[in-house]
Amino acid sequence: MPKIKSSRTKRAPEGFDDIEPTLREFQTKMKDGKNDPHEGKRKIEALWPIFRLHHQRSRYVYELYYKREAISKELYEYLLKQGYADANLIAKWKKAGYEKVCCLRCIQPKDTNFGTTCVCRVPRDKLEDGKVIECIHCGCRGCSSGS
């Protein structure tokens, strides 16, 4: 969540006004996701929309800076510092084999029963045909970089 703006906070760098509407839209979607009713869902399923929105917002900032080169380094660092994007997740996306990682919990072996990564990290061609896989952490259906 972005920090609260006050009279003492640092002004946003040049170019923030161009991307601010999209970031505000992500922020309102995040609030709606938190306030959605979760009756009939499992406890963990109520958090899946929030994980997806967090991923989308971080991916948006990542693509603006690294893929399209539409924002400056100063603005990129400002966005990371203000909490608009997850710096650790973006650091993983820059590494080979982790280009499509959905969340950091999927690659932590300590969060699984057998000390391996999440099932969504298995390439689709290694899975049984017709079997639907969903990550228990974030609801992802496959974020491996393979085919």
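Residues numbered from 1 in each chain as written. Predicted model: local features only at pLDDT ≥ 70, side-chain atom pairs only at ≥ 80, totals over all residues. Heavy atoms only, no water.

## With respect to helix α2 (residues 48-67)
Stated formally: Secondary structure follows DSSP: runs of H or I at least 4 residues long count as helices, runs of E at least 2 residues long count as strands, and numbering of each begins at the N terminus. Each residue after the first adds 1.5 Å to the expected span of a helix. Note on classification: 1.4 Å probe, protein chains only; a residue is buried when its accessible area is under 20% of the maximum for its type, exposed when over 50%, partly exposed between these limits. Here a residue-residue contact requires only that any non-hydrogen atoms of the pair lie within 4.5 Å.
With 20 residues, α2 extends 26 Å between its outermost C-alpha atoms, agreeing within 8% with the 28 Å of an ideal straight helix rising 1.5 Å per residue. Residues of α2 that are buried include every one of W48, L53, R57, S58, R59, Y60, V61, Y62, L64 and Y65, and no others. Contacts from the buried residues of α2 go to α1 (16-35), α3 (73-82) and α4 (87-93). Within two residues after α2, E69 carries a phi angle of roughly 50°, on the positive side.

## Some details on the packing of α1 against α2
The angle between the axes and the distance between the axes are what describe a pair of packed helices. Defined as follows: Helix axes are fitted only over the stretch in contact, all axes being lines through C-alpha atoms; the angle between N-to-C directions runs from 0 to 180 degrees. Relative orientations are named as follows: roughly parallel for angles under 35 degrees, roughly antiparallel for angles over 145 degrees, roughly perpendicular for angles from 65 to 115 degrees, and oblique for any other angle. Gly is put with the polar residues, along with every residue not named as nonpolar or charged; the nonpolar set is Ala, Val, Leu, Ile, Met, Phe, Trp, Tyr, Cys and Pro, and the charged set is Asp, Glu, Lys and Arg.
Direction vectors running N to C along α1 and α2 enclose 170°, while the axes themselves pass 9 Å from each other. Compared by their axis directions, α1 and α2 come out roughly antiparallel. Every residue of α2 that contacts α1 at I19, T22, L23, F26, K29, M30, G33 and K34 is listed here: I50, L53, H54, Q56, R57, Y60, V61 and L64. Residue composition of the contact of α1 with α2, grouped by class: nine nonpolar, four polar and three charged.

## Overview of the state of the cysteines
Applicable threshold: For this text, the term disulfide refers to a pair of cysteine sulfurs within 2.5 Å.
All told, the structure shown has zero disulfides when counted by the stated rule. No disulfide involves C138; its sulfur sits 3.4 Å from the nearest other cysteine sulfur, which is in C102. By relative accessible area, C138 is classed as buried at 5%.

## Remarks on the domain arrangement of the protein
We apply this condition: What counts as a domain boundary in this text is fixed by an automatic or database domain assignment. Accessible area, probed at 1.4 Å, shrinks when two parts are joined; the buried area is that loss added up over both.
Here the domain parsing of the protein yields domain 1 (12-94) and domain 2 (99-146). Taken over C-alpha atoms, the centre of domain 1 sits 21 Å from the centre of domain 2. Across the contact, 11 residues belong to domain 1 and 14 residues belong to domain 2. Carbon and sulfur atoms make up 59% of the surface buried where domain 1 meets domain 2, a total of about 1000 Å² over both sides.

## Let's talk about the environment of Y76
Summarising the element assignment, Y76 is placed in helix α3. We classify Y76 as buried; its relative accessible area is 7%. Not counting chain neighbours up to four residues away, the residues in contact with Y76 comprise V61, Y65, Y66, I71 and I90.

## With respect to the pattern of salt bridges
For clarity, the threshold we go by: Criterion for a salt bridge: a side-chain nitrogen of Lys or Arg within 4 Å of a carboxyl oxygen of Asp or Glu.
Per the stated rule, a full pass over the model turns up six salt bridges. Between E20 and R24 there is a salt bridge, with its nearest N and O atoms 2.8 Å apart. Linking E20 with R24, this pair stays in helix α1, spanning four residues, or about one helical turn. Assessed through its relative accessible area of 44%, R24 is described here as partly exposed. E134 serves as the salt-bridge partner of R141, at 3.1 Å between the closest nitrogen and oxygen. E134 gets classed as partly exposed once you look at its relative accessible area, which sits at 33%.

## Thoughts on the confidence of the model for the protein
The condition is simple: The predictor attaches a confidence to each residue, called pLDDT, with possible values from 0 through 100.
Confidence in the prediction for the protein averages 90 pLDDT; 97% of positions are at 70 or higher. Mean pLDDT in the protein bottoms out at α1, which sits at 95, and peaks at α4, which reaches 97.

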